[in-house]
Amino acid sequence: MPAPLPAERPGEILDAGLKSASELSGLASGRAREVLRALWRSKTFVIGAAIVLFWVLDAIFWPLFVPYDPEGLVSPATLQPPSAEHLFGTDDLGRDIFSRTLAGARPTLTVAPLATAIGVAGGILVGLFTGFYRGLADDIAMRVVDALLAFPLIIIAVLVISILGPSITNVILVIGIVFTPIVARTVRSAVLVERQREYVAAARLLGNSDLYIMFVEILPNITGPIAVEITIRLGYAIFTSATLSFLALGIQQPSPDWGLTISIGRVFLQTAPSEVLFPAAALATLIVGVNLIADGLRQVLEE
Amino acid sequence: MSTPQPLASLPQSGALAIEHLTISYLRRDRALPVLTDVSFHIEPGEAYGLVGESGCGKTTVAMAVMCYLPANARIEAGRIRLQEVDLTTAGEAQLRSLRGNRMAMVYQDAGSALNPSLTIGRQIAEVYRFHGGLDAAAATDAAAAMLETVQIADPARMLRRYPHELSGGQQQRVMFAMALATNPDLLVLDEPTTGLDTTVEAEVLDLVARLRSKFSASILFISHNLGIVARMCERVGVLYAGRLIEEGPSREIFSDPRHPYTLGLTRCVPNRIMRKDANRLDPIPGSLPPLGLAVQGCVYAPRCPIARARCREEDPPAFISGPRRVSRCFYHDEVPSIPQSAEALPSSPANGASEGDLLRVERLSKRYGAGANQVVALDDVSIELEAGEVLGLVGESGSGKSTLAKCVVGLLDASGGEIDFAGRKLARLADWREPQLRRKLQMVFQNPDTTLNPSHTARRILTRAARLLSAGGSAVDRERRVTSLAAAVQLRPHHLDLKPSFLSGGLKQRVAIARAFAGSPALVLCDEPTSALDVSVQATILNLLVDLQTKQRVAYLFISHDLGVVRYLADRIAVMYLGQIIEIGPAQEVFSPPHHPYTEALLSAMPAIDESQGPRIKLSGTMPNPANPPSGCRFHTRCPRFLGDICRERNPPWQEDREGHRYRCHIAPADLGPAQREATSSPAGDNNRPRAETSP
């Protein structure tokens with residue numbers, strides 16, 4: 001057991017390394033706090049977050065605000081333009097479009113995050129293993145990814161859903177599985193950088209298991225690219241789930257889901273545009289909001 | 001002599017004059033001073049060196065002179081005059097013309113300063129076209145002539161090449177060609193040889209010395225390496241925390257410093273006679289004050305061995321401490337009598353009594369690729385190491401030093417050969433080795449910024465190492481082990497709860513050393529552990545390594561490009577060239593003739609502040625491509641003692657000199673020794689200590 005050595009100048013030399021007194025206040029959470037502060041200063045991120053927060057609160061609390069039952073036939077007059085009674089007008093069955101637009105956030109914001117979670121979890125697993133081990137398995141996995149990426153995402157989703165049958169569960173699973181290789185590629189490239197670093201070599205010399213090195217040593221250092229990927233994927237998931245609903249392959253009637261509503265209303269686009277316009281605007285703002293968050297996050301993390 | 005004298009009373013003429021320059025960086029609406037009241041001047045044709053550790057403001061001076069300060073920098077006070085022009089008030093158009101025609105700069109990293117998508121010829125010719133007003137053909141001719149001036153062989157072909165096709169030394173020569181194209185009055189060199197190998201560095205410095213007789217430019221030479229500045233410059237200024245704390249002729253300032261910081265800098269580097277068993281290095285205690293910290297009194301007082309109450313209250317003015325010398329120290333008269341603070345080691349490391357070899361590497365080879373593209377990184381390498389011994393491993397980058405270390409420690413899979421450790425044959429990869437063997441064989445890495453996991457605190461890193469390397473034990477035992485490891489590497493308890501980004505380079509390296517020592521290793525491989533650190537921090541780390549070695553009888557395989565460090569630390573030295581060991585033996589034997597001509601060249605390329613050097617042994621060309629090594633002796637393409645066909649055709653034999661010292665060469669020790677001794681004792685050559693010459 002090594003005995004403590006006499007310091008050349010006790011006290012002074014030992015305090016040598018601290019960068020500055022002011023930085024000491026942050027200590028362990030320093031980096032996270034710095035990122036949060038930078039995010040708060042980023043206009044892009046703050047605007048995006050405000051939009052998304054609005055829709056999330058709406059998806060949770062819409063029953064408190066809606067004037068009518070979104071699925072009820074509340075008006076004998078169908079396809080009405082906006083009025084004081086029905087703010088966004090009524091649809092082809094006499095339902096209140098304002099209530100349906102507010103309520104339509106819930107199915108979208110259920111399907112998209114769950115699908116993203118599956119895709120990110122799968123992508124992290126595949127990316128960590130292929131990036132860490134390289135070799136034949138990596139080559140095969142990456143060629144499969146290339147093949148998958150060659151097809152438009154929506155075609156694969158349509159194909160699978162038409163085989164499995166339309167249902168919310170199937171939509172979530174399909175989007176999640178299609179996202180897995182895309183996320184895996186991002187994670188893999190981050191792992192390839194980290195595994196070259198000396199701390200990974202040191203961990204190996206200590207005799208850590210591969211799983212420990214992957215999940216405890218490497219994973220915490222690639223959270224930045226993963227966070228960016230999550231927000232990007234979320235935007236795509238919202239878009240894809242709306243498209244599948246539009247194609248009648250996802251959520252079914254009488255749900256107020258935006259994609260579904262747009263699909264039904266498009267027949268009346270010439271005479272009564274309200275039924276398409278308002279859900280489409282809602283969908284667009286949500287996707288823009290998510291993408292603003294992704295941009296803000298990327299700018300801050302890449303600084 | 002102790003009466004304060006304002007610096008302005010010194011002559012302020014000259015090519016460049018900086019007067020009371022004060023610069024701040026704005027960060028989050030706060031102005032952090034980086035330079036405070038810096039004044040110096042450079043005579044026409046003079047080379048002025050600026051030294052100091054990283055963070056002292058050297059590069060800020062260079063950027064201020066070139067008017068390339070970043071957007072958040074603010075000149076608070078002072079003037080920079082290039083002859084009659086005040087650069088701090090000059091307009092952008094005037095600056096552009098000045099930068100091309102009157103002043104030029106050579107950066108540290110030539111690879112990123114050159115445009116990768118344009119040919120060398122186009123980039124040099126551009127300077128002639130825009131600043132010299134030549135047409136395209138004339139500019140190309142001028143570029144070729146300039147390449148000849150900076151001693152690039154076959155300029156016509158070089159003009160058509162792209163930067164990535166050039167070696168680091170060639171790129172730096174091209175930078176010099178571009179800088180000198182307009183025959184500037186002032187040449188700013190910011191660490192122009194940092195990152196180059198010692199032999200290439202020596203060539204570039206020789207080139208600078210030779211160019212000075214051709215061009216009349218004044219030179220501002222910025223470097224952290226005192227040896228280089230001592231060799232290249234007539235006068236030197238020492239920067240500390242943004243203040244010019246001492247100035248004087250370079251010969252005197254390092255041999256007879258009059259500021260405690262300058263003295264500290266000269267003492268913390270091992271010199272030619274220092275050995276680990278006789279002398280401890282003398283590090284400067286403490287560290288640089290953080291940027292923007294308001295200091296009352298002398299900035300150096302917290303680290304100064306002779307600081308008194310007055311130093312902590314009053315800011316010392318510039319004193320005239322001798323002819324042409326200035327020191328910002330109240331007690332500059334006392335500096336020469338400051339004793340060495342570090343005492344010699346209590347006990348010298350036990351050597352002599354041999355316990356047999358701890359490590360035997362036999363005929364180890366490592367090849368990458370196959371067929372025509374095969375690169376042989378290690379070729380038939382055999383070394384042995386006794387318990388408690390330090391084997392220094394030197395050689396230029398690409399010689400295979402790190403590959404050897406990584407094969408030994410089991411991070412790389414050797415292609416052939418055997419490694420025996422503590423009497424057992426080692427599996428090739430660390431994962432396949434038995435835990436108790438792995439524990440005894442650890443490594444300290446080069447880069448303090450990546451050697452620790454940035455997400456984990458120092459305590460977590462050491463606790464994990466203690467858990468895996470010290471067999472068994474409870475959580476309490478591990479905690480005690482971590483505490484004692486931290487104490488052994490002089491880490492304070494509160495450092496343990498910090499993540500690496502809050503630790504300085506030196507502290508990070510201490511955590512890395514503690515991690516390697518967690519299992520009481522028998523052999524630690526040190527891969528350039530101090531090359532990224534400042535000299536004063538390097539001294540504490542080297543002292544620490546020596547202490548650990550003495551107390552724990554651990555052996556080191558110590559890789560370094562710094563021969564001074566290796567000579568101080570190593571019991572035996574192995575020299576590598578292109579994947580082969582070409583010389584191995586006791587340290588003193590390797591450092592004195594007869595030795596391999598390559599070792600001879602490496603030694604003569606060493607810049608030193610403590611003695612004037614003999615003529616330099618020059619190596620021609622660069623290291624050959626390891627995918628296609630030269631036939632016969634691998635060194636024959638660059639060898640200064642090339643014999644002829646025999647070197648080209650036949651693999652050189654091992655020549656045994658004295659016991660344990662051998663080298664690979666066709667020249668026998670009886671012939672090589674006298675020839676090399678004669679070379680070192682002959683009078684100084686023409687390129688030694690260049691004098692300023694102003695060409696008409």
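## Some remarks on the overall build of chain B
Thinking step 1. When you go through chain B residue by residue, the secondary structure sums to 23 helices and 24 strands.
Thinking step 2. Whereas a compact globule of 696 residues would reach a radius of gyration of roughly 26 Å, chain B reaches 26 Å, a difference of no more than 12%.
Thinking step 3. Residues classed as buried in chain B amount to 52% of the 696 residues present.

## Some words on the overall build of chain A
Thinking step 1. Looking only at helices and strands, one finds 13 helices and 0 strands in chain A.
Thinking step 2. When the elements of chain A are put in sequence order from the N terminus, they spell out α-α-α-α-α-α-α-α-α-α-α-α-α.
Thinking step 3. Relative to its full complement of 303 residues, chain A shows a buried share of 43%.

## Digging into the nonpolar core
Thinking step 1. Counting 279 residues, the largest nonpolar core has Leu-220, Leu-462, Ala-514, Leu-523, Leu-557 and Phe-558 of chain B as the members making the most contacts within it.
Thinking step 2. Taken domain by domain, this core gets at least three of its residues from each of domain 1 (7–89 + 218–320 + 329–336) and domain 2 (355–440 + 521–696) of chain B.

## A short note on the sheet that holds strand S2 (residues 30–42) of chain B
Each strand in a sheet pairs with another by means of backbone hydrogen bonds, the pair being arranged parallel or else antiparallel.
Residues and elements named next belong to chain B.
Thinking step 1. Spatial ordering of the open sheet is given by S2-S1-S4-S5, a layout of 4 strands whose pairing is antiparallel. In this open sheet, the two strands that pair with only one neighbour each are S2 and strand S5 (85–86).
Thinking step 2. Pairing between strand S1 (residues 16–27) and strand S4 (residues 73–82): 8 bridges, direction antiparallel. When the sheet's bridge partners are listed, Ala-17 is paired in S4 with Arg-81.

## Section: the confidence of the model for chain A
Thinking step 1. Looking at chain A as a whole, its pLDDT mean stands at 87, while 90% of the residues score no less than 70.
Thinking step 2. Least confident of the elements in chain A is helix H1 (residues 21–24) of chain A, whose mean pLDDT is 38; most confident is helix H10 (residues 210–218) of chain A, at 96.

## Side note on the environment of Ala-574 of chain B
Thinking step 1. With respect to the element layout, Ala-574 of chain B can be found in strand S21 (residues 572–577).
Thinking step 2. If we ignore the near neighbours within four places in the chain, the residues touching Ala-574 of chain B are Ile-383, Leu-391, Leu-393, Ile-581 and Ile-584 of chain B.

## Examining the domain arrangement of chain B
Thinking step 1. Per the domain assignment, the segments of chain B are domain 1 (7–89 + 218–320 + 329–336) and domain 2 (355–440 + 521–696).
Thinking step 2. Put simply, the parts of the chain that give the side of domain 1 of chain B that touches domain 2 of chain B at least two residues each are helix H9 (226–232) and helix H11 (260–267) of chain B.

## With respect to the pairing of strand S22 (residues 580–586) of chain B
Residues and elements named next belong to chain B.
Thinking step 1. Taking burial as the measure, the 7 residues of S22 include 6 buried ones, the bulk of the element.
Thinking step 2. With 6 bridges connecting them, S21 and S22 associate as antiparallel partners. Each residue of the ladder has a partner; that of Val-575, found in S22, is Glu-583.
Thinking step 3. Where S22 lies against strand S24 (residues 662–664), 2 bridges are found, and the strand directions are antiparallel. Across the sheet, the residue bridging to Glu-583 is Tyr-663, located in S24.

## A closer look at the sheet that holds S21 of chain B
All names here are of chain B.
Thinking step 1. Pairing in this open sheet of 8 strands is mixed, and the strands run S18-S19-S20-S15-S21-S22-S24-S23 from one edge to the other. The open sheet has two free edges, formed respectively by strand S18 (441–444) and strand S23 (654–656), since each of these has just one partner strand. Within the sheet, the average angular offset between the axes of one strand and its neighbour, ignoring direction, is 20°.
Thinking step 2. Against the sheet, helix H17 (residues 505–516) contacts S18 and strand S19 (523–527), and its axis sits at roughly 175° relative to S18.

## What to know about the confidence of the model for chain B
Residue and element names in this part refer to chain B.
Thinking step 1. Of the residues in chain B, 92% reach a pLDDT of 70 or more, and the chain-wide mean stands at 86.
Thinking step 2. Element-level mean pLDDT values for chain B span from 82 in helix H23 (residues 669–681) up to 96 in strand S20 (residues 555–559).
Thinking step 3. Under a pLDDT of 50 for its full length, residues 1–12 has, in the predicted model, 15 contacts with residues more than four places off or in other chains.
Thinking step 4. In this model, residues 683–696 is a region of pLDDT below 50 whose contacts with residues beyond four sequence positions or in other chains number 29 contacts.
Thinking step 5. Interface confidence for the predicted complex, expressed as ipTM, amounts to 0.83; the pTM equals 0.85.

## Looking at helix H15 (residues 458–469) of chain B
Thinking step 1. Helix length check: H15 of chain B, at 12 residues, gives a terminal C-alpha distance of 16 Å against a target of 16 Å (1.5 Å per residue), a fit within 8%.
Thinking step 2. The element H15 of chain B is extensively covered by neighbouring structure, given that 10 of its 12 residues are classed as buried.
Thinking step 3. Those residues of H15 of chain B not exposed but buried are Ala-458, Ile-461, Leu-462, Thr-463, Arg-464, Ala-465, Ala-466, Arg-467, Leu-468 and Leu-469 of chain B.
Thinking step 4. The secondary structure elements touched by the buried residues of H15 of chain B are helix H9 (198–206) of chain A together with helix H14 (435–439), helix H16 (475–488) and H17 of chain B.

## Looking at the environment of Ile-177 of chain A
Thinking step 1. Following the sequence through the fold, Ile-177 of chain A ends up in helix H8 (residues 168–194).
Thinking step 2. On a C-alpha basis, the gap between Ile-177 of chain A and Ile-262 of chain A in space is 26 Å, while along the polypeptide they are 85 residues apart.

## Re H16 of chain B
Residue and element names in this part refer to chain B.
Thinking step 1. Here H16 contains 14 residues, and its C-alpha end-to-end distance of 20 Å stays within 8% of the 20 Å for a straight helix at 1.5 Å per residue.
Thinking step 2. Buried within H16 are the following residues: Arg-481, Val-482, Leu-485, Ala-486 and Ala-488. Around the axis of H16, the buried residues are gathered within 155° of arc, so they sit on the same side.
Thinking step 3. With its phi angle positive at about 60°, Gln-490 sits one or two positions after the end of H16.

## Observations regarding the pairing of strand S16 (residues 416–421) of chain B
Residue and element names in this part refer to chain B.
Thinking step 1. Relative to S16, strand S13 (residues 357–368) runs antiparallel, the two being bridged by 5 bridges. Bridge assignment links Ser-365 to a residue of S16, and that residue is Gly-416.
Thinking step 2. In sequence, S16 turns back onto strand S17 (residues 424–425) through a hairpin of 2 residues, with Ala-422 there showing a positive phi of about 50°.

About the criteria used
Residues numbered from 1 in each chain as written. Chains lettered and ligands numbered in written order. Predicted model: local features only at pLDDT ≥ 70, side-chain atom pairs only at ≥ 80, totals over all residues. Helix = DSSP H or I, 4+ residues; strand = E, 2+ residues; numbered from the N terminus. Rg over C-alpha atoms; globule rule 2.2 N^0.38 Å. Buried ≥ 20, exposed ≤ 12 C-beta atoms within 10 Å, placed from the backbone. Core = buried A, V, L, I, M, F, W, Y, C linked by C-beta atoms within 7 Å. Domains from an automatic or database assignment. Pairing = 2+ DSSP bridges. pLDDT = per-residue confidence, 0-100. Contact = placed C-beta atoms within 7 Å. Axes fitted to C-alpha atoms, helices over the stretch in contact; angles between N-to-C directions. Expected span 1.5 Å × (residues − 1). Arc of directions from axis to C-beta.

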